[in-house]
Amino acid sequence: MEKIIDNSREKFKAFEKLIKSIDDKEHTIVFSGEGKKEGIRAIEYISEILVKNDWSHQKITAEESAKERKDIIKGFDRGDIKVVSAMRVLDEGVDIPSIKKAIILASSRFRRQFIQRRGRVLRNDKVNDKKFAEIYDFVILPNSNFSEQGKSLINREMARVEEMGQDAINKIEIDSFIEKYRGLYEI
């Protein structure tokens, strides 16, 4: 199931459409899945999309040394680096209050992981007087001919959407989205 989610073609099309619509790229983090897309790691595929759309960025993966990661985070925090793409490396133990936007392309079935990511983005930033942050969380749903496994996916995705949207400024939009799928899932 995780491979299906990580490799969803529509997710990457929607991601490219989203980044084309964003003007202010400053302090944006893109969370990638760990899967592969067209034979390359998802983070590399995302990197290609970012570069193609003139989004200069730095990647943080397990391949970078601790010093390299620290330098990237410092550059990001100062604003020298506008966009960082990462897999799970930034999920816990890293404090970056300057994050203004998060694009989450990796749905997690683990509640702790998505709460960590949300918390990472929603931290107060007294230095930059951040009042709120934008979170774009991609939701993957099966087509209309779904099985019990598809129902399980819907349950998981909707539970995450509901929890992520509890304190959102656009809660009405989120509630409308959830209501659209009511009856297809059980939370």
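Please read all numbers here as calculations on a predicted model, not as lab measurements.

*Asks:* Just to check I follow, could you spell out the overall build of the chain for this structure?
*Replies:* In terms of helices and strands, the chain carries seven helices and seven strands. Taken from the N to the C terminus, the helices and strands of the chain come in the order α-α-β-β-β-α-β-α-β-β-α-β-α-α. Partitioning the contacts of the chain with sequence separation of at least 6, the portion at a separation of at least 24 is 67%. A total of about 10,800 Å² of accessible surface is found on the chain, and carbon and sulfur atoms cover 48% of it.

*Asks:* Just to check I follow, could you spell out the layout of surface pockets for this structure?
*Replies:* Taking a probe equal in size to a water molecule and rolling it over the atoms shows the remaining empty space. Estimated volume of the largest pocket: approximately 910 Å³. Around the largest pocket, the lining is made up of 26 residues, and of these Ile135, Met164, Ala168, Asn170 and Ile174 lie nearest the centre. Of all the secondary structure elements, the ones that give two or more residues to the lining of the largest pocket are helix H5 (111-122), strand E7 (134-137), helix H6 (148-164) and helix H7 (171-180). Here the lining of the largest pocket takes four residues from E7, the largest share from any one element. Classifying every residue of the lining of the largest pocket by side-chain character gives 13 nonpolar, four polar and nine charged.

*Asks:* Before we go on, may I ask you to explain unusual backbone geometry in this structure?
*Replies:* Despite not being glycine, His27 shows a phi value in the positive range, around 60 degrees. Structurally, His27 is set in the loop between helix H2 (9-21) and strand E1 (28-31). Residue His27 is classed as buried on the basis of its relative accessible area, which comes to 3%. Notably, Asp54 is not glycine yet its phi reads approximately 60 degrees, a positive angle. Of note, Asp54 is situated in the loop between helix H3 (42-52) and strand E4 (57-60).

Cut-offs and rules
Residues numbered from 1 in each chain as written. Predicted model: local features only at pLDDT ≥ 70, side-chain atom pairs only at ≥ 80, totals over all residues. Heavy atoms only, no water. Helix = DSSP H or I, 4+ residues; strand = E, 2+ residues; numbered from the N terminus. Contact = heavy atoms within 4.5 Å. Areas by Shrake-Rupley, 256 points an atom, 1.4 Å probe, with all protein chains shown as cover. 1 Å grid on protein atoms, 1.4 Å probe; cavity = no way out; pocket = protein on both sides within 12 Å on 5 of 7 lines; lining within 4 Å. Points joined across faces, edges and corners; volume = space filled by probe spheres on them. Nonpolar A, V, L, I, M, F, W, Y, C, P; charged D, E, K, R; others polar. Buried < 20%, exposed > 50% of the residue type's maximum accessible area, 1.4 Å probe, protein only.

Such coordinate-based values are descriptive only and should not be taken to indicate function.
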